[in-house]
Amino acid sequence: MTKKATTKTATTTATTTATKKYAVLLRGINVGGNKKVPMAELRALLEGLGHGDVATYLQSGNAVFSSAQQDPTALAREVEAAIEAHFGFRVACLVLDGAYLHAVAEACPFPAAELEGKQLHVTFCSEQPGPERFAALDGAAYLPEEYRIGERVLYLYAPDGLGRSKLAEALAKPAVVKGIDVTTRNWNTVAKLVELTAV
């Protein structure tokens, strides 16, 4: 992958403003005909917001871009507002910088290199879920499936895939995720996003 410049010169001053590479993850789009967001339109929307190096990955709501904005939360709210204005519905968005995604991959408690991508998933959270959210969840009852809590993420090992995972269902219940925006990606997608946001 060709490395792109990480700084840009402002046209009105002699200073330079550092840019960062980000991934934006959209929750629950293009599923069962609901909340259709064509990737070409998403790319155009992000470019219209002034972001550079825009690209999308798959059809499930993954995009990357570069921006001088340093606040991922502010970027997420900006993208959410633009999507609602353009498409007419709200989509929860998480904006994650490349360094964070790399750290998430490095901290994986499961042997990712030994597993199929469909067996390992990461649920990204808009805020850190506290241990009290998991107090009523008996992990032993779901073995061999397992989960671990990371930095604003949940790692899920589901050997038979997410679609057949009882633990995934339990982790998606309101007792665990109420009040938090969450969206899940398999390990193949996580690895690709790490690659696309590398500098």
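Look up: the structure comes first, before these words.
Let me sum up the structure you'll find in this document. (Residues numbered from 1 in each chain as written. Predicted model: local features only at pLDDT ≥ 70, side-chain atom pairs only at ≥ 80, totals over all residues. Heavy atoms only, no water.)

**Notes on the packing of aromatic side chains**
Summed over the entire model, instances satisfying the criterion amount to four aromatic pairs. With a centroid separation of 6.0 Å and an interplanar angle of 35 degrees, the aromatic rings of Phe110 and Tyr157 are classed as tilted. Of the two residues, Phe110 sits in the loop between helix 3 (98–106) and strand 7 (120–125) while Tyr157 sits in strand 9 (residues 153–157), which places them 47 residues apart along the sequence. Each member of the pair, Phe110 as well as Tyr157, is classed as buried. Across the ring face of Tyr100, the terminal group of Arg152 is positioned such that the distance to the ring centre comes to 4.3 Å. (Phe/Tyr/Trp six-rings, centres within 6.5 Å; stacked < 30°, edge-to-face > 60°. Helix = DSSP H or I, 4+ residues; strand = E, 2+ residues; numbered from the N terminus. Buried < 20%, exposed > 50% of the residue type's maximum accessible area, 1.4 Å probe, protein only. Lys NZ or Arg CZ within 6 Å of the ring centre and 35° of its normal.)

**A few points about the sheet that holds strand 6 (residues 93–97)**
A sheet is described by the order of its strands in space; here four strands give the open sequence 4-5-3-6, paired in antiparallel fashion. The strands lining the two open edges of the sheet, one partner per strand, are strand 4 (52–57) and strand 6. This sheet shows a mean twist of 20 degrees between the axes of neighbouring strands, independent of strand direction. Bridge count between strand 3 (residues 20–26) and strand 5 (residues 62–67): six bridges; the pairing is antiparallel. Bridge pairing in strand 5 links Lys21 to Ser66. Lying on the sheet, helix 2 (residues 72–87) is in contact with strand 3, strand 5 and strand 6; it crosses strand 6 at an angle near 140 degrees. Relative to the sheet, helix 3 contacts strand 3 and strand 6, its axis offset from that of strand 6 by approximately 85 degrees. (Pairing = 2+ DSSP bridges. Axes fitted to C-alpha atoms, helices over the stretch in contact; angles between N-to-C directions. Contact = heavy atoms within 4.5 Å.)

**Focus on the side chain of Lys21**
Checked against the element boundaries, Lys21 lands in strand 3. Despite being buried, Lys21 has no salt bridge partner; Asp53 is the closest side chain of opposite charge, sitting 5.1 Å away. In this structure the side chain of Lys21 is engaged in a polar contact, spanning 3.2 Å, whose partner is the backbone oxygen of Leu196. (Lys, Arg positive; Asp, Glu negative; His and termini not counted. Salt bridge = Lys/Arg side-chain N within 4 Å of Asp/Glu carboxyl O. Polar contact = N/O pair within 3.5 Å; in protein donor to acceptor, adjacent residues only side chain to side chain.)

**Observations regarding the pattern of salt bridges**
For the coordinates displayed, the defined rule picks out six salt bridges. The closest approach of N and O atoms between Glu80 and Arg90, which form a salt bridge, is 3.5 Å. With a gap of 10 residues between them, Glu80 in helix 2 and Arg90 in the loop between helix 2 and strand 6 connect regions that are remote in the sequence. Connected through shared salt-bridge partners, Arg77, Glu80, Arg90 and Asp181 make up one network.

**Brief notes about the sheet that holds strand 7**
Backbone-to-backbone hydrogen bonds pair the strands of a sheet. The strands run either parallel or antiparallel. Pairing within the open sheet is antiparallel, and its four strands lie in the order 8-9-7-10. Strand pairing shows two members of the sheet lacking a second neighbour, strand 8 (146–149) and strand 10 (182–186), which therefore form its edges. Pairs of neighbouring strands in the sheet enclose a mean axial angle of 20 degrees, with direction left out of account. Pairing analysis gives four bridges linking strand 8 to strand 9, with the strands arranged antiparallel.

**Notes on the pairing of strand 3**
The element strand 3 is largely enclosed, with a buried count of six among its seven residues. Across five bridges, the pairing between strand 3 and strand 6 is antiparallel. Its bridge partner being in strand 6, Val24 is matched across the sheet by Val95.

**Let's talk about the pairing of strand 4**
Pairing geometry for strand 4 and strand 5, over four bridges, is antiparallel. Within strand 5, the residue paired with Gly52 across the bridge is Ser66. In this antiparallel pair of consecutive strands, strand 4 and strand 5, the connection spans four residues, and Leu58 shows a positive phi of 60 degrees.

**Thoughts on the environment of Arg77**
Tracing the backbone shows Arg77 in helix 2. Taking the relative accessible area as the measure of exposure, Arg77 reaches 38% and is therefore partly exposed. Sequence separation of Arg77 and Pro111 is 34 residues, and the distance between their C-alpha atoms is 34 Å. Arg77 has contacts with Cys93 and Asp181, leaving out every residue within four places of it along the chain. Engagement of the side chain of Arg77 in a polar contact is seen with the side chain of Glu80, the distance being 2.9 Å.

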